[in-house]
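Structural overview for review
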Amino acid sequence: TKAAPRSALVLKLSHVLDQKHPVHAAMAYMAERLAEKSNNTVRLEVFPNGQLGGETESIEQVQHGTLAMVKTSAAPMESFVPDLALFGLPYLFRGEDHYWKVLDGPVGKELLAAGAKAGLRGLCYYDSGSRSFYTKDTPILTPADLSGMKIRVMRSKTAMDLITQLGGAPTPTPFGELYTALQQGMVDGAENNPPSLFTSRHFEVAKQYSLDEHTRIPDMLLISEAVWQSLSPQVQQWVQQAAEESVTFERKLWKEKTEESLRELEKAGVTVHRPDTKPFQDKVQPMYDKLEGTSVGVLVKRVREVR
């Protein structure tokens, strides 16, 4: 890439994933598209691996306008936009098609826009697949297997409730510290999608992977509302278009990487289990009962009506 003209507007984007991760590749692609559209007058600089701080820390910087953009899981966002707890609910989606219909439809669009009040404008969602349990010793084949197990979760109330409801002990740990936490037995397991388990190399320590696919929590790309309002309508349009083009790129790449990661994990000696999810679904039903009459409960009804 050519050096940016001196007058170029530079937008910095922080995230905690590895450079090999498909979501990182999508944001690098967005940077290319933005440079092309703006003839190099607007540049997106992507900082992976938590170089600019952890997820929650980066969200706060974006909220205050000291950082332009952050890629985060929707999970830690629920402390900023409570309705985003919706995505952390287990077995909410009937499958991938249903999930994308919801994200690309009215519910998904409203939730992207909902963060603006908190200073966090959503630009797009990236596929982050479905999350499943990986453990060091005992595979998770039924909810009973989680009994007393320390499971790493993201800093999200819904994620913690889910593990508690299944009988485990939720242990919030920053993603960057998880390898060591698994190694030293501070946690017995964690949960994530296949590409993240593979690129993080956690499989070197955790050899049991149970594809219960309990949640499909999207990644979100957020821009500081203050920064957004300071951009000209033309620059806003370029940023939004480049983001949307990167989504198409990422979804295709995600599918390929998921299949490849599962093959590589098995080659590396990971045992992949496919447990019956019905007992898990039954066990988490109280999480839905509690939502009756709340705004998230209303969203759940709307999601289930999407055909």
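Before any of the text, the structure's been laid out above.
Residues numbered from 1 in each chain as written. Predicted model: local features only at pLDDT ≥ 70, side-chain atom pairs only at ≥ 80, totals over all residues. Heavy atoms only, no water.

1. Notes on the pairing of strand E5 (residues 131-135)
Of all the five residues making up E5, five are buried; the element is thus mostly covered by neighbouring parts of the structure. With burial as the criterion, each face of E5 is covered, one bearing Arg131, Phe133 and Thr135 and the other bearing Ser132 and Tyr134. Bridge count for E5 against strand E9 (residues 208-215) is four bridges, and the pairing is antiparallel. By the bridge assignment for E9, Tyr134 is matched with Tyr209. (Buried < 20%, exposed > 50% of the residue type's maximum accessible area, 1.4 Å probe, protein only. Helix = DSSP H or I, 4+ residues; strand = E, 2+ residues; numbered from the N terminus. Pairing = 2+ DSSP bridges.)

2. A closer look at the packing of helix H3 (residues 96-104) against helix H4 (residues 106-114)
Interhelical geometry of H3 versus H4 gives an angle of 55° and a closest axis separation of 3 Å. For the element pair H3 / H4, the angle class is oblique. Side by side, H3 and H4 meet where Val102, Leu103 and Asp104 of the first sit next to Val107, Gly108 and Lys109 of the second. (Axes fitted to C-alpha atoms, helices over the stretch in contact; angles between N-to-C directions. Parallel < 35°, antiparallel > 145°, perpendicular 65-115°, else oblique. Contact = heavy atoms within 4.5 Å.)

3. Here we look at the nonpolar core
If you look at the biggest cluster of nonpolar residues, it comprises 49 residues, and the most contacted ones within it are Met77, Leu86, Phe87 and Leu89. Setting aside residues no more than four positions away along its own chain, Leu86 makes contact with Leu92, Val107, Leu111, Val296, Leu299, Val300 and Val303. Listed in part, the 28 residues of the second largest apolar core include Val23, Ala26, Tyr126 and Ala242. (Core = buried A, V, L, I, M, F, W, Y, C linked by side-chain atoms within 4.5 Å.)

4. Focus on helix H11 (residues 295-305)
Taken as a whole, H11 has its buried residues at Val296, Gly297, Leu299, Val300 and Val303. End-on, the buried residues of H11 take up no more than an arc of 155°, which puts them together on one face. Contact partners of the buried residues in H11: H3, H4 and helix H10 (278-289). (Arc of directions from axis to C-beta.)

5. What about the sheet that holds strand E4 (residues 120-126)?
Pairing is mixed across the open sheet formed by five strands, whose spatial order is E2-E1-E3-E10-E4. Bordering the open sheet on either side are strand E2 (42-47) and E4, each of which pairs with just one other strand. When the angles between neighbouring strand axes are averaged without regard to direction, this sheet yields 25°. Here five bridges tie strand E3 (residues 69-73) to strand E10 (residues 219-224), and the two strands are oriented antiparallel to one another.

6. As for the packing of aromatic side chains
Enumeration according to the criterion identifies seven aromatic pairs in this entry. Note on Phe87 and Tyr125: the rings are 5.7 Å apart at their centroids and 75° apart in plane angle, and the pair reads as edge-to-face. Taken together, the positions of Phe87 in the loop between E3 and H3 and Tyr125 in strand E4 put the pair 38 residues apart, joining distant regions of the chain. The same class applies to Phe87 and to Tyr125, which are both buried. Three or more aromatic residues joined by ring pairs form one cluster here, namely Phe87, Phe93, Tyr99, Trp100 and Tyr125. (Phe/Tyr/Trp six-rings, centres within 6.5 Å; stacked < 30°, edge-to-face > 60°.)

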